[in-house]
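What the coordinates show
So you can see what is in the structure, the chains are spelled out below.
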Amino acid sequence: MVKAQLVKLTVTHLVDDGRLEEDVLDELPQGSNDQLSMKCLKLEAQIKLAKIEAQNKQLELEAQNKQLELEAQNKQLVLEAQNKQLELEAQNKQLELEAQNKQLELEAQNKQLELEAQNKQLELEAQNKQLELEAQNKQLELEAQNKQLELEAQHKQLELEVQHKLEEARQKQAEQTRQLEIQGQKAADSNIEEQIIAAGHGNTSNISGSNNPQSRINKYVELPMLNEEDPEFFFTHFSKTAFSMNWLVDQWVAIMQS
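The shown structure was predicted, so the numbers you read here are calculated from the model rather than taken from an experiment.

1. Some remarks on the confidence of the model for the protein
The share of residues in the protein with pLDDT of 70 or more is 72%, and the mean pLDDT across the chain is 76. Of the regions scoring below 50 in pLDDT, residues 18-25 engages in eleven contacts with residues more than four places distant in sequence or in other chains. A low-confidence stretch, residues 202-216 stays under pLDDT 50, and its non-local contacts, those more than four residues away or across chains, total 17 contacts.

Next up, the structure:
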């Protein structure tokens, strides 16, 4: 009995070690109870070994599955991390684009404000220029009006001076004409007396010739033009010519007008 138990322990040990072989069983006596027991033990050991192998296979498969799951999880985590990275990069890109757009909008607004300020400045400068031009035109108009008034005043003054001088000339001419008429009348009276005296001596031909001043008009010397600024020269020259040509006083005006 003890021997059988030792054999059982040996076989069990060999089974546990995975070294159960046919030759071990063959060494046992044939047809004995021990041999049957060994066969039973062998079958049990084989079943147990199969179970162990199956368990090991299962464990290996589970380990492989776990490894695959871990790898898949790692890949999933890597993919998720990559996706997160891509999402973060996309968000950063989006934020950068939004920031750039904001910057561009601000720059565009600043440009618009600068342009509006420049336009306002140009408008103000144009308005100032317009006001300056209007002021200059007003000044020129006032100066032109003042010039016109000065010219009109000067023209009026000249007209007054000319009228005054003409009036003085007319007065002098009238006075000189009156003096000439007086002198002519005196000369005519003296000439008539001389002619009467001469007629008493028989010189009638001289009387008839001297009493016909129209016959002597064509013999007078060319008279100067009447200068209104110096009419005295004309009347002095005319009176000398009239006396030398023996013109009648009442003919002097007609001769002057001719």
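So, next bit.
2. A few points about helix α6 (residues 231-245)
If you check α6, its first and last C-alpha atoms are 21 Å apart, about what 15 residues at 1.5 Å a residue would give, namely 21 Å. N246 sits one or two residues past α6 and shows a positive phi near 60°.

3. A few points about the layout of surface pockets
A volume near 190 Å³ is recorded for the second largest pocket. If you trace the second largest pocket, you find it lined by V162, K165, L166, E168, A169, K172, E228, E229 and P231. Tallying contributions element by element places helix α3 (residues 33-200) first for the lining of the second largest pocket, with six residues. Tallied by class, the residues present in the lining of the second largest pocket amount to four nonpolar, no polar and five charged.

4. Description of the nonpolar core
With ten residues, the main nonpolar core is built from L180, F234, F235, F238, A242, M245, W247, V249, W252 and I255. Sort the elements by how many residues they give to this core and α6 lands first, with five residues. Ignoring any residue separated from it by four or fewer positions in sequence, one finds F235 in contact with Q173, Q176, T177, L180, L226 and M256.

Quick notes on the rules
Residues numbered from 1 in each chain as written. Predicted model: local features only at pLDDT ≥ 70, side-chain atom pairs only at ≥ 80, totals over all residues. Heavy atoms only, no water. pLDDT = per-residue confidence, 0-100. Contact = heavy atoms within 4.5 Å. Helix = DSSP H or I, 4+ residues; strand = E, 2+ residues; numbered from the N terminus. Expected span 1.5 Å × (residues − 1). 1 Å grid on protein atoms, 1.4 Å probe; cavity = no way out; pocket = protein on both sides within 12 Å on 5 of 7 lines; lining within 4 Å. Points joined across faces, edges and corners; volume = space filled by probe spheres on them. Nonpolar A, V, L, I, M, F, W, Y, C, P; charged D, E, K, R; others polar. Core = buried A, V, L, I, M, F, W, Y, C linked by side-chain atoms within 4.5 Å. Buried < 20%, exposed > 50% of the residue type's maximum accessible area, 1.4 Å probe, protein only.

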